[in-house]
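Given next are the chains, with one letter for each unit.
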Amino acid sequence: MLVVVVLMFFNKFPMTTIALTGALVCCALGMYSFSDIFKDMGSSTIVLMFGLSIIGAAMFHSGLASAIANFIMRFTGNTERGVIIGIFIVSALLSSVSSNTAVVLMMIPLVKSISERADISLKRTMYPLGIGAAMGGACTLIGTTSNVSGNTVLENAGLDVLGFWDLGWVGI
């Protein structure tokens, strides 16, 4: 396990390659069975994230991300400040009505296209994407899984459950 952590720390190989190799080594050493290691790979969350990654890549390669980027940049302009504020606002609005993780996965190719078009480092535009999605997700019940889980705990305890917008004031 220490080797996996060290390899991830130095970032010389893709994270997924390191993680899967580490899991297979644990299986080969008899620490876990193959079925234990990969039993959750078919969970709906994993399949959803995988599917959204494919859709995001398709958006980028088909030119749809570029078209959406053009539309957004009509409002933000090519300035770094405008682009950052635009990315933040769009990700916050989208994640307030859907999963913030899904919004980030779907917007990564879009942000990449905007960054290239405006000649801004991708490092400077990814952070507003994540922060906007996190803040937007905190505004509604479905924006983030922790909100849904907390509501389930309230329901199971026999307490009043939250409404869709009840978290809005906390999120804002």
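Below is a summary of the structure that appears in this document. A quick note: this is a predicted structure, and the numbers were derived from the prediction, not measured.

A word on the nonpolar core. Counting 13 residues, the largest nonpolar core has Val83, Ile87, Met107, Leu110 and Ile114 as the members making the most contacts within it. With six residues, the single largest contributor to this core is helix 7 (residues 100-118). In this structure, Met107 is in contact with Ile87, Val90, Ser91, Leu94 and Leu129, ignoring residues within four places of it in sequence.

Turning next to unusual backbone geometry. Look at Asn11: it is not a glycine, yet its phi comes out positive at around 55°. Along the chain, Asn11 falls in the loop between helix 1 (2-10) and helix 2 (15-28). Positive phi is not limited to glycine here, since Asp119 has a value of about 55°. Relative accessible area serves as the criterion here: at 72%, Asp119 is assigned to the exposed category.

Let's shift gears to the packing of helix 1 against helix 2. Look at helix 1 against helix 2: their axes get within 10 Å of each other, and the N-to-C directions meet at 175°. Viewed along their axes, helix 1 and helix 2 adopt a mutual orientation that is roughly antiparallel. Contacts from Val4, Leu7 and Met8 in helix 1 reach Met15, Ile18, Ala19 and Gly22 in helix 2. Tallied by class, residues from the contact of helix 1 with helix 2 come to six nonpolar, one polar and no charged.

Turning next to the pattern of salt bridges. Tallied over the entire structure, the rule returns one salt bridge. Residue Arg124 pairs with Glu80 through a salt bridge whose shortest N-O separation is 2.4 Å. Here Arg124 is found in helix 8 (residues 122-137), whereas its partner Glu80 is found in helix 6 (residues 80-96), with 44 residues between them in sequence. With a relative accessible area of 49%, Arg124 lands in the partly exposed category.

Here the focus is helix 9 (residues 145-156). The end-to-end C-alpha separation of helix 9 is 16 Å, in line with the 16 Å expected for 12 residues at 1.5 Å each. Looking one or two places after helix 9, you find Gly158, whose phi comes out positive at around 80°.

Let us look at the state of the cysteines. With the rule as written, the count across this model stands at zero disulfides. The closest cysteine sulfur to the non-disulfide-bonded Cys27 is located on Cys26, 8.8 Å from its own sulfur.

Analysis parameters
- Residues numbered from 1 in each chain as written.
- Predicted model: local features only at pLDDT ≥ 70, side-chain atom pairs only at ≥ 80, totals over all residues.
- Heavy atoms only, no water.
- Core = buried A, V, L, I, M, F, W, Y, C linked by side-chain atoms within 4.5 Å.
- Buried < 20%, exposed > 50% of the residue type's maximum accessible area, 1.4 Å probe, protein only.
- Helix = DSSP H or I, 4+ residues; strand = E, 2+ residues; numbered from the N terminus.
- Contact = heavy atoms within 4.5 Å.
- Axes fitted to C-alpha atoms, helices over the stretch in contact; angles between N-to-C directions.
- Parallel < 35°, antiparallel > 145°, perpendicular 65-115°, else oblique.
- Nonpolar A, V, L, I, M, F, W, Y, C, P; charged D, E, K, R; others polar.
- Salt bridge = Lys/Arg side-chain N within 4 Å of Asp/Glu carboxyl O.
- Expected span 1.5 Å × (residues − 1).
- Disulfide = S-S within 2.5 Å.

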